Structures are given as structure tokens and as C-alpha cells.
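Letter by letter, the chains look like this.
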Amino acid sequence: MNFGRGPSVVLNVGGTRYSFSREVLKDFPLRRVSRLHGCLSEQDVLEVCDDYDRERNEYFFDRHSEAFGFIMLYVRHGHLRFVPHMCELSFYNEMIYWGLEGSHLDYCCQRRLDDRMSETCTYYTAEELNGGPEGKGRRPPGAEGGKWLERMRRTFEEPTSSVAAQVLATVSILFVIVSMVVLCASTLPEWRAPENRSVEEQSRYTAESVREPSGIIEAICIGWFTAECIVRFIVSKNKCEFVRRPLNIIDLLAITPYYISVLMTVFTGENSQLQRAGVTLRVLRMMRIFWVIKLARHFIGLQTLGLTLKRCYREMVMLLVFICVAMAIFSALSQLLENGLDLGTKNKDYASIPAACWWVIISMTTVGYGDMCPITVPGRILGGICVVSGIVLLALPITFIYHSFVQCYHELKFRSARYSRSLSAEFLN
């Protein structure tokens, strides 16, 4: 450092002044401050600080003064903690500016920082990191076509992103409700009466069912869902990723059976051999129940459930392993105590281990239908142990799943609020 006068150096951080000797700066624990010692020109100094006064040898830093005070406590005493009532991420940014890292924090504050960063990072998707829904002005020139596709994609994917998206989501929900009402009504005895007809009559009924009111309503709903799925596929950024998404797979499972059933009806005609596929047709039509899951696009609750299951698959597998191990142990013991030993009282319900597995699963989950129950004293003692073990085993992974559910809910609420703000801006404009 070959500029400035006097043996001391003054740091002015947010209006608070700190005085140091020149020799102290050489080995100062804060990397940004120690860089002042090696500055050889005014340009080098201005790369380190915001401004400086040569006459008074004072260097100005436009940073948070209270945060720097806590950082100076670390320099003096070796303990670094968060500033009370200050965001952990803001204080962490101050630490990075002065040349500190998260490892310099005390252990309790490190855990707070890790938790806060893990929560915050999940709130930002790849779209937000690339500019977000409000980053329209950052698009390269000549991207009008891409902007239109992006607006269309948001209209179909984000129900709260615009007025048009809300209208489209409302219409889609109405179609789902109507299709579910028709599906439920089709199982009523009055609607199922034609199934008791002969093969020839059944063939004619199947061919004419599309022209009936219920068939027309079903065809209209399927047409809407098909058009919606095609448009969403066209405007999607990554076609392969679009096909792999769970909700899109569910859409295909809900739409495809209708076309398969229509094609089978057209090609079978009155062929009695092929009419045996009627059971398959009923199964395919019943797969329309998957349309209910389409509501997950418009309700945060269902989205939270799906996201939680996706992120907690390890805990879910752990839970299933616990249950399977317990089933193997308790079913074998119950079959032995109730039927395997020659005690004069044999319980036919426990004739085999697979049959005893049913009793174990309804006991561990505390359902207790009562269709099977032990009659021997050792069997009842084992039943009590089975119930208590089920409560304990089921409760162990629940804590992890609960915390993940809460985090996913807040994440989706945060994302919905962002698009609601863009919707409010649209109304203002």
C-alpha cells in the first residue's frame, strides 16, 4: 500500500468507523479487508471498496453496519453468530462479501443456515432461475414466437398465471365433474339393465350407446381432454419430459381407454367370439376414474400429496419394508399358535400363512374388521403385541413424511402466490 497518509487506516462500514494500523491489515482475518494491504493503485482500491478518502485515509463500504459489527466480534473473540431479527440469508451474503464461509458460523447457526437454504432453494424452479415468469424483458431479440409459446404454456400449466388460465381451469374442472357424474350414474341398476340382454342385443346396444345422451356427454368430455392434452404437448418446451410427467401419463391412461373401446366396438361388430371382450371394455371404461386425478392441476392439496410421495419414496419404501417384515413374523407365529399346534382347538381361519397375513395387516393398521380373530390365549397375546407393534412401526417414518408434506405445501403456496402477483399485475394493466 503506497498511498494515503498516517500509520492508521479507517474503515467506514455503513456509517460506523473502525480504525486499524497498516500492519494489522496485512494478516486481517477478513479477506476483503486484507486485500487493501496489497493495493498499489486507486483502481485496485476501488475494486475492493466503494469509495475512499486519500486525505483521511478512510475507506467506505456501503454494507450493513450491524452485520459487520457481529463479524468484528468473530474477529476479536472467534465466535460468529447471526444478527438477531435479521434474515439468515442476508447475513450469509454479508459473510461472503467480507470473505467468510458458512463453516465459520457456530454449529447452531450452521444448522439454521442449512435449513433456511434448503427451504429457499426448493422454492426456485429452473424457470425462475432462467428469468422467471416476470423475466420477459430479458429475452433475446426476435423471440416473439417463443414468448407466445411461453404464454400459452403458462395458460395451460399454471391456473393462476392469468385470467385466461383461470377460465380454462374452471372449464376443465367442470368437464371433470360432469364426466365423473356420468361415470357414477352409469353404474346404477337402471343404466346397467341392457347388460342382461343377449349377445346380439348387447352388440347393438354397445354400438348405439355412443348416440345416447350419456355417450354424447362422454364423447364431448373426451374431446375436450384430448384437445387440451394435444395443445399442452405442442406448446411444451421438452416433448420427452412432457411424456414422462406423472400427470400427463394419467391423462393418457384416462383418455386412451375410450378410443380403445370405440375401436373394439367398431371392429368386433356382432362376432360372438370377439364380444367376449366386453369385460375388457368395462375395465377400460372404468379407468376413466383417473380423471379425478386431473384435478391435481388446479388444487394445491392434491399437488402437495403427489409432490410429498415423490420426495418421500425412500420413507414410503421403509414403511412398506417394516410392514412386510412384521407380516412375515406375526403371520407365521399366528398360524402356528392357532392351527399348527395340536392343542385341541384349531382355528380354520388361520389354516395357512397367507391367510394369516390378512389378519396381520388389518391388526397392525388397527382396522380390525373382526372377520378373523384368534381364539387361543397365546394367539390373543400375540394379537395384542401385533397391534402395538403396528402402531410403533407406522409412527416411525410418519415424522419425516409430515415435515416433507409441510415443506411441499409451503413451496407450492409460494409458487402460486408468485403467479397470483403476475395475475394482479395483469388486472392493473
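Residues numbered from 1 in each chain as written. Predicted model: local features only at pLDDT ≥ 70, side-chain atom pairs only at ≥ 80, totals over all residues. Heavy atoms only, no water.

Brief notes about the pattern of salt bridges
Where charged atoms of side chains with opposite charge meet at close range, the side chains can pair.
Next, step 1: Per the counting criterion, the structure on display carries seven salt bridges.
Next, step 2: The partner of D53 in a salt bridge is R56, and the shortest N-O contact between them spans 3.1 Å.
Next, step 3: Taking the shortest distance from any N to any O, the salt bridge between E58 and R56 comes out at 3.5 Å.
Next, step 4: Take E58: its relative accessible area is 1%, and that puts it in the buried class.
Next, step 5: Since its relative accessible area comes to 51%, R56 is described here as exposed.
Next, step 6: Each of R17, D53, R56 and E58 takes part in a single network of salt bridges with overlapping partners. (Salt bridge = Lys/Arg side-chain N within 4 Å of Asp/Glu carboxyl O. Buried < 20%, exposed > 50% of the residue type's maximum accessible area, 1.4 Å probe, protein only.)

Brief notes about the sheet that holds strand β4 (residues 58-61)
Next, step 1: Strand order in the open sheet formed by four strands is β2-β1-β4-β3, with mixed pairing between adjacent strands. For this open sheet the edge positions go to β2 (16-21) and β3 (51-53), each flanked by a neighbour on one side alone. When the angles between neighbouring strand axes are averaged without regard to direction, this sheet yields 20 degrees.
Next, step 2: By the bridge criterion, three bridges tie β3 to β4 in an arrangement that is antiparallel. Each residue of the ladder has a partner; that of D53, found in β4, is E58. (Pairing = 2+ DSSP bridges. Helix = DSSP H or I, 4+ residues; strand = E, 2+ residues; numbered from the N terminus. Axes fitted to C-alpha atoms, helices over the stretch in contact; angles between N-to-C directions.)

Remarks on the UniProt feature "transmembrane region" (unreviewed entry) in the protein
Next, step 1: Look at the UniProt record and you will see "transmembrane region" (unreviewed entry) annotated at residues 163-188, 215-235, 247-269, 289-309, 316-337, 349-369 and 381-405.
Next, step 2: Strand forms 0% of residues 289-309 and helix 48%; the C-alpha atoms that close the span are 20 Å apart.
Next, step 3: Across residues 316-337, the secondary structure splits into 100% helix and 0% strand, with the terminal C-alpha atoms separated by 31 Å. (UniProt positions renumbered as here; feature names shortened; annotations may be inferred.)

Quick word on empty space enclosed by the protein
Next, step 1: The final tally for this structure, using the stated rule, is one cavity of 30 Å³ or more.
Next, step 2: There is about 60 Å³ of room inside the largest cavity.
Next, step 3: Lining the largest cavity, in full, are T155, F156, E157, E158, P159, A165, L168, A169, S172, E228, R297 and H298.
Next, step 4: Mapped onto the lining of the largest cavity, the elements with two or more residues apiece are α8 (144-157) and α9 (163-185).
Next, step 5: Counting residues per element, the lining of the largest cavity draws most heavily on α9, at four residues.
Next, step 6: Looking at the lining of the largest cavity, its residues break down into five nonpolar, three polar and four charged. (1 Å grid on protein atoms, 1.4 Å probe; cavity = no way out; pocket = protein on both sides within 12 Å on 5 of 7 lines; lining within 4 Å. Points joined across faces, edges and corners; volume = space filled by probe spheres on them. Nonpolar A, V, L, I, M, F, W, Y, C, P; charged D, E, K, R; others polar.)

Digging into the nonpolar core
Next, step 1: Ranked by internal contacts, the top residues of the largest apolar core, which has 35 residues, are L11, Y59, F61, F91 and W98.
Next, step 2: Among the elements of the structure, β1 (8-13), β2, α3 (42-48), β4, α4 (65-77), α5 (88-98) and α6 (107-121) are those that each provide at least two residues to this core.
Next, step 3: Ranked by size, the runner-up nonpolar core spans 14 residues in total, among them I323, A326, F330 and L382. (Core = buried A, V, L, I, M, F, W, Y, C linked by side-chain atoms within 4.5 Å.)

Quick notes on the pairing of β2
Next, step 1: As judged from the six bridges shared by β1 and β2, these two strands associate in the antiparallel manner. In the sheet register, V9 faces β2, and the bridge partner there is F20.
Next, step 2: In this structure, the hairpin formed by β1 and β2 is closed by a connection of two residues, where G14 is found at a positive phi of approximately 60 degrees.

Points about the packing of aromatic side chains
Next, step 1: By the definition in use, this model includes 11 aromatic pairs.
Next, step 2: When the ring of Y52 is compared with that of Y59, the centres are 5.9 Å apart and the planes differ by 15 degrees; the resulting orientation is stacked.
Next, step 3: Taken together, a centroid distance of 5.0 Å and an interplanar angle of 55 degrees make the contact between F61 and W98 tilted. Remark: W98 occurs in helix α5 and F61 occurs in strand β4; sequence separation between them is 37 residues.
Next, step 4: With relative accessibility at 2%, the residue F61 sits in the buried group.
Next, step 5: When the ring centre of Y97 is taken as origin, the NZ or CZ atom of R32, which lies over that ring, is 3.8 Å away.
Next, step 6: Geometry around Y97 places R63 over its ring, the cationic atom sitting 4.0 Å from the centre. (Phe/Tyr/Trp six-rings, centres within 6.5 Å; stacked < 30°, edge-to-face > 60°. Lys NZ or Arg CZ within 6 Å of the ring centre and 35° of its normal.)

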